[in-house]
Amino acid sequence: MGGQEILVELLAGTIAASLAAVALHFSYKLLDPNRAAREAAAAKKKEIARRLGRPNIVTNQYEDIIACDVANPMEISTTFDSIGGLGETKRALQEIVILPLLRPELFAGGNLLRPVKGCMLYGPPGTGKTLLAKALAKECRACFINVRTSTLQSKWFGDANKLVAAVFSLAWKLQPSIIFIDEVDSFLGARKNSEHEANTSMKTEFMTMWDGFQTNEHARVMVLAATNRPWEVDDAILRRLPRSFEVGLPDYAQRVDILSVILRSEPLAPGFLGPAPNAPVFQIARATERYSGSDLKELCKQAAYGPIRDLLDAERAAALARQSARLGKALKKQAASRGGNPVVGSGVDDLEGDLDEFFDAEEAQDGGAGGRSDPMTRRKRAMTLADFSAVLSKSGTSADAAAKYRHADNERRFDRDARAAHSAFGAGGASPSGSFGSVSPEQMAALESMVTPEMVAQLLGAMAGKPNGDAPAPAPPPEISPEMLAKMMEQFMLQRSAAAPGGGGASPGN
């Protein structure tokens with residue numbers, strides 16, 4: 001009897017422990033903050049293995065996280081043909097990046113033709129660096145890993161280094177591969193003493209893996225970087241980017257090519273992209289000097305609203321004309337029904353009923369309010385040169401906008417400093433015109449305690465318009481009176497106001 005009780009207790013304990021383990025397992029899955037990320041990474045890894053035809057890829061948990069940044073070429077629509085201008089850069093990238101990955105046998109003999117391990121695109125914002133990277137991901141038929149800083153950062157110390165190592169190990173397993181780092185200056189900038197230890201360690205790990213000490217140095221893996229500020233990239237990183245290409249602002253011929261690519265599928269006026277030297281596309285290219293590719297695309301977007309505005313204006317005018325005609329017909333109908341007598345008294349209610357009935361009938365005949373159901377009668381016109389001229393007269397480049405913002409900010413700071421200086425003297429300080437009014441006794445006493453005869457001599461020389469040492473030193477003043485101080489401060493404030501930006505004058509020594 002005792003043995004049966006012990007067996008029952010053991011069985012009950014086993015069941016309770018099993019239920020507790022199952023409950024703990026499900027609780028852990030529900031409370032795990034990285035559960036969704038891990039599941040998405042696992043699904044992404046399966047999709048990559050299926051697309052690349054490599055079902056036997058074995059990865060660890062860190063490589064699964066990096067797998068979420070692997071781009072799918074089928075989901076990218078940008079190609080080299082959709083990028084206007086940059087013909088020389090595209091040709092060089094095809095030779096240096098795509099050809100070694102797709103035709104490794106051409107670079108097998110010797111050391112001079114060994115594929116480069118790094119390539120950098122640099123230039124002003126909006127010139128097409130990221131577009132070139134997208135086109136490479138589309139056309140290179142290689143594994144394209146778009147490294148994001150947010151993916152490599154972790155709240156656990158040491159995980160960032162493991163994630164960096166996972167970038168290269170996964171690229172080696174999926175080779176041929178391209179590791180793309182956008183805005184590389186923010187990720188691999190110059191190392192400083194004030195930098196956090198974790199960031200320095202991550203950069204060191206990146207460079208170590210890049211050199212191939214921990215991976216196969218003969219692997220077909222390339223690092224492609226893009227930046228607007230190449231001078232802020234660490235020197236050791238620049239050494240590992242031996243080939244660099246400047247993607248600068250387009251010239252006249254490149255602007256024509258960019259505009260032709262952007263507008264080739266848009267409804268345009270006849271001869272807009274024609275070969276004539278005075279065709280609209282050439283006139284626009286001449287008027288858009290210092291425009292980047294992004295600025296040209298934004299210009300075309302704004303100009304495309306011109307036909308829409310004209311269409312809406314025409315629809316509103318047509319709707320008003322129809323309403324006026326309907327009102328006239330309704331009035332005539334109501335007058336005819338009353339034998340030509342004017343509408344008075346209670347006839348207004350009858351008129352409103354006739355108008356409502358007439359409007360409903362006309363809208364049903366037109367197919368809806370405004371008659372917009374008929375596409376043949378309401379159609380946008382083609383884009384013309386006038387649409388672009390209207391936009392160019394009101395807007396400029398993004399660089400001009402940034403300079404305007406900086407100038408406005410400098411003006412606000414100057415006005416703020418001027419108001420602060422004015423308020424420092426209280427009610428008897430400098431007036432907006434620059435004159436110096438009455439000085440309080442306390443301020444005059446402070447000035448008298450600070451002013452020396454030598455300072456008076458220097459100030460008189462500056463007021464005379466001569467540099468120090470060029471004019472003979474004036475005789476020492478017999479007495480520094482309050483009137484003299486007030487007069488000197490008044491002249492000094494006048495000269496300072498004239499020398500200030502926008503003051504309409506120059507400094508005494510100029």
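Above this text you will find the structure in question.
Described below are features of the structure shown in this document.

Procedures and definitions
Numbers given for residues are sequential positions, taken from 1 along each chain in its written order. Local features in this predicted model are restricted to residues of pLDDT 70 or higher, and side-chain atom pairs are both shown and tallied only at a pLDDT of 80 or more, whereas totals for entire chains, interfaces and linings draw on every residue. The side-chain figures draw on all heavy atoms in the structure; neither hydrogens nor water molecules are used. Burial status follows relative accessibility: with a 1.4 Å probe on protein chains alone, a residue under 20% of its type maximum counts as buried, one over 50% as exposed, and anything between as partly exposed. The way it works is that DSSP assigns letters per residue, a run of H or I at least four long becomes a helix, a run of E at least two long becomes a strand, and they are numbered from the N terminus. For two strands to count as paired, DSSP must find a minimum of two bridges between them. The contact criterion used is simple: two residues touch if any of their non-hydrogen atoms lie within 4.5 Å. Take the buried residues of types Ala, Val, Leu, Ile, Met, Phe, Trp, Tyr and Cys, join any two whose side-chain atoms come within 4.5 Å, and each joined set is a nonpolar core. Surface patches are drawn from residues lacking salt bridges whose relative accessible area is over 30%; two like charges belong together within 9 Å, two nonpolar side chains (Val, Leu, Ile, Met, Phe, Trp, Tyr) within 5 Å. Residue burial considers only the protein chains on display, and all accessible areas are found by Shrake-Rupley using a 1.4 Å probe. Any carboxyl oxygen of Asp or Glu within 4 Å of a side-chain nitrogen of Lys or Arg constitutes a salt bridge here. Starting at the helix axis, one direction is taken to each C-beta atom, and the arc is that of these directions. To obtain an axis, a line is fitted to C-alpha atoms, over the contacting stretch when the element is a helix, and the angle between two such axes runs from 0 to 180 degrees between their N-to-C directions. Comment on the angle field: the value is read as roughly parallel under 35 degrees, roughly antiparallel over 145, roughly perpendicular from 65 to 115, and oblique elsewhere. Amino acids outside the nonpolar list (Ala, Val, Leu, Ile, Met, Phe, Trp, Tyr, Cys, Pro) and the charged list (Asp, Glu, Lys, Arg) are all regarded as polar, and Gly is one of them.

Extensive coverage of strand β2 (residues 118-122) is indicated by the burial of four of its five residues. As defined by bridge partners, β2 adjoins strand β5 (residues 221-227) across five bridges and the pair is classed as parallel. When the sheet's bridge partners are listed, M120 is paired in β5 with A225. The pairing of β2 with strand β6 (residues 243-246) spans four bridges and is classified as parallel. Bridge pairing in β6 links L121 to F245.

Inspection of the secondary structure assignment puts G84 in the loop between β1 (70-71) and α4 (87-102). Of the residues examined, G84 reaches a relative accessible area of 12% and is grouped as buried. Considering only alpha carbons, one finds G84 and D257, 173 residues apart in sequence, at a separation of 5.3 Å. Residues within four places of G84 in sequence aside, it is in contact with D257, I258 and V261.

Attention shifts here to the nonpolar core. Core analysis: the biggest nonpolar cluster contains 38 residues, and I66, L152, F168, I179, I181 and F206 have the highest contact counts within it. Only α3 (61-67), β3 (143-147), α7 (159-173), β4 (177-182), α8 (184-187), α9 (197-211), β5 and α10 (235-239) provide two or more residues apiece to this core. Among the elements that take part in this core, α7 stands out by supplying nine residues, more than any other. Beyond its immediate stretch of four places on either side in the chain, L152 contacts I66, V147, A160, L163, V164, V167, F187 and M202.

Turning next to a nonpolar patch on the surface. Judged by side-chain polarity, L11, I15 and L19 come together as a nonpolar surface patch covering roughly 320 Å² of accessible area. As for its placement among the helices and strands, L19 is situated in helix α1 (residues 2-31). The exposure class of L19 is exposed, given its relative accessible area of 58%.

Within helix α16 (residues 385-392), the full set of buried residues consists of D387, F388 and V391. The buried residues of α16 occupy an angular sector of 95° when projected down its axis, which confines them to one face.

With that out of the way, let us pick up the packing of helix α12 (residues 280-287) against α16. In a pair of packed helices, the angle between the axes and the distance between the axes together describe the arrangement. It is at 10 Å that the axes of α12 and α16 come closest, and there the two elements cross at 10°. By the angle between their axes, α12 is roughly parallel relative to α16. Residues P280, Q283, I284 and A287 of α12 lie in contact with α16, whose contacting residues are L385, F388 and L392. The residue inventory of the contact of α12 with α16, partitioned by class, reads six nonpolar, one polar and no charged.

The tally for this structure, following the rule as stated, stands at 14 salt bridges. A salt bridge links E63 to K173; its shortest N-O distance comes to 2.8 Å. Of the two residues, E63 is situated in helix α3 and K173 in helix α7; the sequence distance between them amounts to 110 residues. For R91, the salt bridge identified is with E88, shortest N-O distance 2.4 Å. In this pair, R91 and E88 both sit in helix α4, three residues apart, roughly one turn of the helix.

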